[in-house]
Amino acid sequence: MRMALVLVINHKVLDNYKRYFAQKHKCEPHSGASRKETTKISRFYPQGTMNVCTKCHPNPSNSRCDISLCRSKRSTDFFLPSIKTHKLDGCIDLNVSVCVCVCVCVLQTDYYYQYTECDSTGSRWRVAIPLNPGSCSNLPPPTSGRDCSFSCPAGEFLDMTTQQCTPCAAGSYSLGSGLRFDQWDAIPTGFTSLASFLDPGPNGEDIQACNSSSWMPQGVYLESNRDECTVSLVYAVHLEKQGSVSFTYQYPDNNIFFEFYVNLKSGTNILYWRTTGILVGGKMVKPVLLKNIQIEGVAYTSECFPCRPGWFSSAPGSSSCQPCPSNTFSIKDASSCTPCPEHYYSHEGWAECKVRPPCSEKDFFQIHTACDSEGKTQVLYRWVEPKICVENVTGAVELPATGQREPCPPCNPGYHNSNDSTCLPCPPGTHSDGTNVCTECPAGTEPVLGYEYKWWNVLPSNMKTSCFNVGNSKCDDMNGWEVAGDHVRSGAGSSDNDYLILTLHVPGFKVPASLSGMTGSEFGQITFVFETICSADCELYFMMDVNRKSTTVVESWEGSKGKQSYSHSMTRNASVIYTWAFQRTNHALDVRRYVGDMVKLYSISVTNVLDGVASSCRACALVPQNSQRAGSSCVPCPAGFFIDRDTNRCQECPPNTHLAGRHTYGQDACVACGPGSISNKEHSRCYSDCSFTHTENNRTLTFDLSPMSVVASLTIGPSFTSKGTKYLHLFNISLCGHEGERAAICTDNVTDVSSKDTQSDSAQFVNSVDSFICQSTIIPADGRGFRMAISSQSISLADTFIGATVDTVLDGVNAKPDFFPENSKDVPDINFFYRSTQATASCDQGRSSVITVRCNPEKSERGELSVPSSCPAGTCDGCTFHFLWESASACPRCTEDDYHQIEGACKRGIQETLYMWNEPKLCTKGVTLPPRRSSPCEAIALWLKVGVGGGAFVAVLLISLTCYFWKKNKRLEYKYSRLVMSANKECELPAADSCALAEGEEPDDDVVYTKKPTLLGKLRAIANKHEDGDTSESVQLNSSQSDRWVLG
């Protein structure tokens, strides 16, 4: 079968119309064709080619084209009046079944029409503009144009030749007064991608370091750069009336700066989308994905937009295109979709068909059925939809058989089992552990409301699952997660780079009466236990959306992670949506490689949930007995009060204690503050009031640190990334005071495309961090073209004040004094210890910080902050941060021990006394130096008086000693002479022990008898001595040798 058609077409769209007819009409080969030119059709049949004949095949009815047909007849699609016509006979041969001979009249126009700018009256003119200036003459004269407010309805375009609205042909669409860009095989005409970051060369010259950085077209979306270059996507549009801009984007990474800037007004507008990677730490950023840009407010459109490959519009005058169903395809500008051949497949919106692979384990997944009326469940296996594999070929696997029926897991705490084996929430005021019926709480207790999910037979009603991929719309209707009994896990998805999403909606939080005494910033807490099993670059995101305003990433984990728990506190009473998003790989792949990579959530627990269910009851405070309302009903305790265990009444916590943990029952709920800290009025937290005392060597040092209470900032850097981007670390520090308020605030100003009304309290809550110590990464505005410096990655380093002490270790946190130069002064360093209990992927116990306060009189009162030279970022392990704060205010208050007095000379009877500080002076404020003091004095100085008196005493003493020893010497001479005389009587001298008498001896001889004489013997000896001189008794004189002399 042969058909003859007439096609009037412009050179610019000739190729598209060849493809259109090739897709719409099939041809059979003709042996009479000559001089064939063969062209491969992009995204057509896998084996398809198009043969264009330069001469039509013989046709009895209409073998040749008549040029008059081009001028008089509007052809099947377009009618463009010709200025010059060229007759071309052609036949499109597709090697299939039907031959279509097409008469192609190619219009060679030398000019085009355009409107002038609107004048003050709203009028304009249509003028002809030559394609090449000076290339033609006799242009049509200007004619009056349509008024400036005129626009065509959706589905039509303005034909500038007739100035009439003309319906778009099938296979194309129009927005009327708008523009839409949804095909990104290349960057469309009018868009420009500009890289603006210049990296200075080694010799100071400018080297273009971003030549390869650009927004990259990826078929159905644009992908931003992944490096540190600043790349802008710019588009200029002229609006004749109030307009709007809308687009779809994916922005998963806070490490990339993304901004969209526009100030829509009538006239010419410049739109730009700009991204800059913040590669601090060397981690590659995830790109921003952009698609479906739509601009409203243009006065008219002079052409229709062709449907992109894989999409079609079946009727003329369409305002949009529809995606081709699964297992069909289409090329660009299609009015219908073509079914895939046998053993080929395609997904929705595909422009080509692919061969179906043999089925494998990656093509099916496991699910658990809901409990039946008998309380049984079983494991089922299902093919991943849409199914693309083939079962009945060699090497293909079959779907596993259904598993055995097993008892259903119990209901979650707070739920009970109904008669039809479904789990229902317990009524208000009752509780259940999930295995028993709901019972009322006893008197004096209240239900503990919240969510506790640990059994996963079905998803709870407040949890939803979905699949999202900005470049793959076919996963939009798929389940992203599947229940699996004791856990819920990520599903198969449609491609490996899909985001598999699980959400939990919490309507709000309500602090129960039993916890009303706690006035801290925590309203509730979410805790979940998870595990990731990955063989590629998978990543799990935990996010939250407060009041449905803006979603922010709270924490993320990359790669395989063992089973672990994570907790996050809710510091604001607001509606929140918690989101878990899992992506197997960040790279788009045509085939499935990582279906086995998954994340498992074992349990999710949320406390203090408004309208939650109860798994247990908690003791509460009762109405006082002396009250008229006395009874068993629960009442809230005032702030800072605990519940007495004996009376169940409210009692205030002792001074300098705070309510810690998550209960107020018993006095043990009031925990003593650490050293050097006091509690605030509400007993909600401990803090330093900027005063500190320390006793050492019986001396008490008192410190007044109030000049250091103002929030201080420390900027570290600059540092540079691998490509040269300069960045700084900014720390804001609140040391003490402020009644315990965490006065240090760090804010992220990395803007997104949200409207101005999102910069409200919610946005402030999401994008700012308040703490005792917080950190931000700053990228300066210089050299990057930013309107202001970028602040990002704000984190809290100190939520809780542990205490202040001169010790180096407190509550497991080490001050590491060797990180800083040794303190050479006598005043000890004061270490302020802080902790942030929020666990992170790298710090499972949370972060901690130590501020070492050191006395340095050479510094100002505000002082100066520094970090260890060995840890230039303030931390060596990423979890403990160290700071040294030297200040004159860190010196103790002066006391009387810190100065001494100096007495002057006595002049004219007056003596002055001065007081001077001990050097070096290591104190501040406190006592002041006493004033100079004058007192009367005598001419002779006291020291002279004392000297003279002492000299006289020494003289008298010397004279006395001289007399004493002279007299004693005389006595010794006398005794010696007697001894000599006595010995000479017998002409021999006995050996004596000493020739002198000892001090105090009498001059009598010391006679020692050889044997002890009796009294009678002594008398006889005396008598014999006088009567007979020759008779004597032997005696022994004292001597060292004990010699015996015998006389007579």
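Throughout this description, residue numbers start from 1 for each chain and increase along the sequence as written. Given that this is a predicted model, residues contribute local features only at a pLDDT of at least 70 and side-chain atom pairs are listed and counted only at 80 or more, while totals for whole chains, interfaces and linings are drawn from all residues. Based on all heavy atoms of the structure, the side-chain values leave hydrogens and waters out of the count.

## Some points on the overall build of the protein chain
Where we set the bar: Counting from the N terminus, the helices are the DSSP runs of H or I reaching at least four residues and the strands are the DSSP runs of E reaching at least two. Here the term buried applies to any residue with accessible area under 20% of the maximum for its type, exposed to any over 50%, and partly exposed to those in between, with areas from a 1.4 Å probe on protein chains only. Contacts: residue pairs with any heavy atoms within 4.5 Å of one another. Exposure was quantified through the Shrake-Rupley algorithm and a 1.4 Å probe, taking into account, for residues, occlusion by the shown protein chains and nothing else.
Helix and strand content of the protein chain: 5 helices and 77 strands. By residue count, 43% of the 1048 residues in the protein chain fall in the buried class. Contacts spanning at least 24 positions in sequence make up 65% of the contacts within the protein chain whose residues lie at least 6 apart. Carbon and sulfur atoms form 51% of the exposed surface of the protein chain, whose accessible area is close to 53900 Å².

## Describing a nonpolar patch on the surface
For the record, the criterion: Each patch is assembled from residues with relative accessible area greater than 30% and no salt bridge, linking like charges that lie within 9 Å and nonpolar side chains (Val, Leu, Ile, Met, Phe, Trp, Tyr) that lie within 5 Å. Any carboxyl oxygen of Asp or Glu that lies within 4 Å of a side-chain nitrogen of Lys or Arg is treated as forming a salt bridge with it.
Taken together, the side chains of Phe953, Val954, Leu957, Leu958, Leu961, Tyr964 and Phe965 present a nonpolar region at the surface, about 720 Å² in accessible area. In this fold, Phe953 is placed in helix 4 (residues 942-984). For Phe953, a relative accessible area of 59% puts it in the exposed group.

## Some remarks on the sheet that holds strand 73 (residues 899-903)
Using the following cut-off: We call two strands paired when DSSP finds no fewer than two bridges between them. Only C-alpha atoms enter the line fits that serve as axes; for helices the fit covers just the stretch in contact. Angles between N-to-C directions range over 0 to 180 degrees.
Ordered in space as 73-74-75, the 3 strands form an open sheet in which the pairing is antiparallel. Either end of the sheet is taken by a strand with one partner, and the two such strands are strand 73 and strand 75 (933-936). When the angles between neighbouring strand axes are averaged without regard to direction, this sheet yields 25°. In this sheet, strand 74 (residues 910-917) lies alongside strand 73 in antiparallel orientation, the contact comprising 5 bridges. Counted as the bridge partner of Glu903 is Thr913 from strand 74.

## Some thoughts on the pattern of salt bridges
Within the structure shown, the criterion is met by 14 salt bridges. Note that Arg308 is salt-bridged to Asp182, the shortest N-O span being 3.4 Å. Of the two residues, Arg308 is situated in the loop between strand 23 (305-306) and strand 24 (311-312) and Asp182 in the loop between strand 12 (178-181) and strand 13 (191-195); the sequence distance between them amounts to 126 residues. Taking relative accessible area as the criterion, Arg308 reaches 10% and is therefore assigned buried. The exposure class assigned to Asp182 is buried, which follows from its relative accessible area of 13%.

## Description of the environment of Met598
Relative to the helices and strands, Met598 is located in strand 48 (residues 598-607). Considering only alpha carbons, one finds Met598 and Arg489, 109 residues apart in sequence, at a separation of 6.7 Å.

## Some remarks on the state of the cysteines
Short version of the rule: The disulfide definition used here is simple: a pair of cysteine sulfur atoms within 2.5 Å.
One pass over the full model with this rule turns up 20 disulfides. Covalently, Cys359 is tied to Cys389 through a disulfide, its sulfur atoms 2.0 Å apart. One disulfide, between Cys359 and Cys389, carries an S-S torsion of 80° and so falls in the right-handed class. Here Cys359 is found in the loop between strand 29 (354-355) and strand 30 (364-368), whereas its partner Cys389 is found in the loop between strand 32 (379-383) and strand 33 (406-407), with 30 residues between them in sequence. For the residue pair Cys359 and Cys389, the accessibility class agrees, reading buried in each case.

## Here's the deal with unusual backbone geometry
Between Gly717 and the following residue, Pro718, the backbone shows a cis peptide bond with an omega angle of 5°. Its location among the elements puts Pro718 in strand 60 (residues 712-720). Cis geometry is adopted by the peptide bond preceding Pro920, which originates at Glu919 and carries an omega value of -5°. Topologically, Pro920 is positioned in the loop between strand 74 and strand 75. The phi dihedral of Asp811 falls on the positive side, at around 55°, and the residue is not glycine.

## A look at the side chain of Gln775
The condition is simple: Nitrogen and oxygen atoms within 3.5 Å of one another constitute a polar contact, given that in protein one can donate a hydrogen and the other can accept it, and given that sequence-neighbouring residues count only through two side-chain atoms.
Mapped onto the elements of the fold, Gln775 is located in strand 64 (residues 773-779). Judged by its relative accessible area of 9%, Gln775 falls in the buried class. Side chain to side chain, Gln775 and His729 meet in a polar contact 3.2 Å long. The contacts of Gln775, once residues within four sequence positions are left out, are His729, Leu730, Phe731, Cys746, Gln793, Ser794, Ile795, Leu797 and Phe881.

## Observations regarding the pairing of strand 21 (residues 267-277)
Burial runs high along strand 21: 9 of the 11 residues are buried. Taken together, the 6 bridges between strand 20 (residues 256-261) and strand 21 define a ladder with antiparallel strand orientation. Each bridged residue has a counterpart across the sheet, and for Glu259 the counterpart in strand 21 is Arg274. Adjacent in sequence and paired antiparallel, strand 20 and strand 21 are bridged by 5 residues.

## Notes on the nonpolar core
Nonpolar side chains tend to gather and get buried jointly when the protein is soluble and globular. Basically, it comes down to this: Throughout, nonpolar core names a set of buried Ala, Val, Leu, Ile, Met, Phe, Trp, Tyr and Cys residues whose side chains join them through atoms within 4.5 Å.
Of all hydrophobic cores here, the largest spans 40 residues; its most connected members are Leu504, Tyr578, Trp580 and Ile604. The contacts of Tyr578, once residues within four sequence positions are left out, are Leu502, Thr503, Leu504, Val506, Phe509, Ile526, Phe542, Met543, Met544 and Met570. Membership of the second largest hydrophobic core comes to 34 residues, among which are Phe703, Ala804, Val827 and Phe832.

## Some details on the packing of aromatic side chains
The cut-off we apply is this: The criterion for an aromatic pair is that two Phe, Tyr or Trp rings (for Trp, the six-membered ring) have centres within 6.5 Å, with stacked assigned to planes under 30 degrees apart, edge-to-face to planes over 60 apart and tilted to the rest. Charge-over-ring contacts are defined here by two conditions on Lys NZ or Arg CZ: a distance within 6 Å of the ring centre and an angle within 35 degrees of the ring normal.
All chains considered together, the criterion is met by 39 aromatic pairs. Aromatic side chains Tyr899 and Trp917 sit 5.9 Å apart centroid to centroid with 85° between the ring planes, which places their arrangement in the edge-to-face category. Residue Tyr899 is located in strand 73, and its partner Trp917 is located in strand 74; the two are separated by 18 residues in the primary sequence. Note on Trp917: relative accessible area 17%, which makes it buried. Chaining the aromatic ring pairs together yields one cluster made of Tyr173, Phe181, Trp184, Phe191, Tyr235, Phe247, Tyr249, Tyr251, Phe258, Phe260, Trp273 and Phe305. Sitting above the plane of the Tyr115 ring, Arg124 keeps its charged end 4.3 Å from the centroid. For Lys387, the ring lying beneath its charged end belongs to Trp383, and the centroid distance is 4.6 Å.

## Things to note about the sheet that holds strand 70 (residues 847-855)
Taking strand neighbours across the sheet as the criterion, the 5 strands line up as 66-69-70-72-71 in an open arrangement whose pairing is mixed. A single partner strand is all that each edge strand has here, and the edge strands are strand 66 (800-805) and strand 71 (864-866). Direction aside, neighbouring strands of the sheet carry axes that sit 20° apart on average. Bridge count between strand 69 (residues 830-836) and strand 70: 7 bridges; the pairing is antiparallel. Its bridge partner being in strand 70, Asn831 is matched across the sheet by Thr852.

## Describing the side chain of Ser490
Take Ser490: it is sitting in strand 41 (residues 488-490). Look at Ser490 and you get buried, because its relative accessible area is 7%. Residues contacting Ser490, with those up to four places away along its chain left out, are Gly480, Trp481, Leu500, Phe582, Arg584, Asp597, Met598 and Val599.

## Description of the confidence of the model for the protein chain
Should pLDDT be low for a region, the predicted coordinates there are not to be read in detail. Going by this rule: Confidence scores per residue from the predictor, reported as pLDDT, run from 0 to 100.
Of the residues in the protein chain, 76% have a pLDDT of 70 or more, and the chain-wide mean is 76. Scored below 50 in pLDDT, residues 1-108 shows 213 contacts in the model against residues more than four places distant or in partner chains.

## A closer look at the environment of Glu391
Tracing the backbone shows Glu391 in the loop between strand 32 and strand 33. Since its relative accessible area comes to 35%, Glu391 is described here as partly exposed. With 34 residues separating them in the primary sequence, Glu391 and Pro357 have C-alpha atoms 9.1 Å apart. Engagement of the side chain of Glu391 in a polar contact is seen with the side chain of Lys387, the distance being 2.3 Å.

## Thoughts on the environment of Glu555
Tracing the backbone through its elements, the reader meets Glu555 in strand 45 (residues 550-558). On a C-alpha basis, the gap between Glu555 and Phe542 in space is 5.4 Å, while along the polypeptide they are 13 residues apart. When near neighbours in sequence (up to four residues on either side) are disregarded, Glu555 contacts Leu540, Tyr541, Phe542, Tyr566, Ala839, Thr840 and Ala841.

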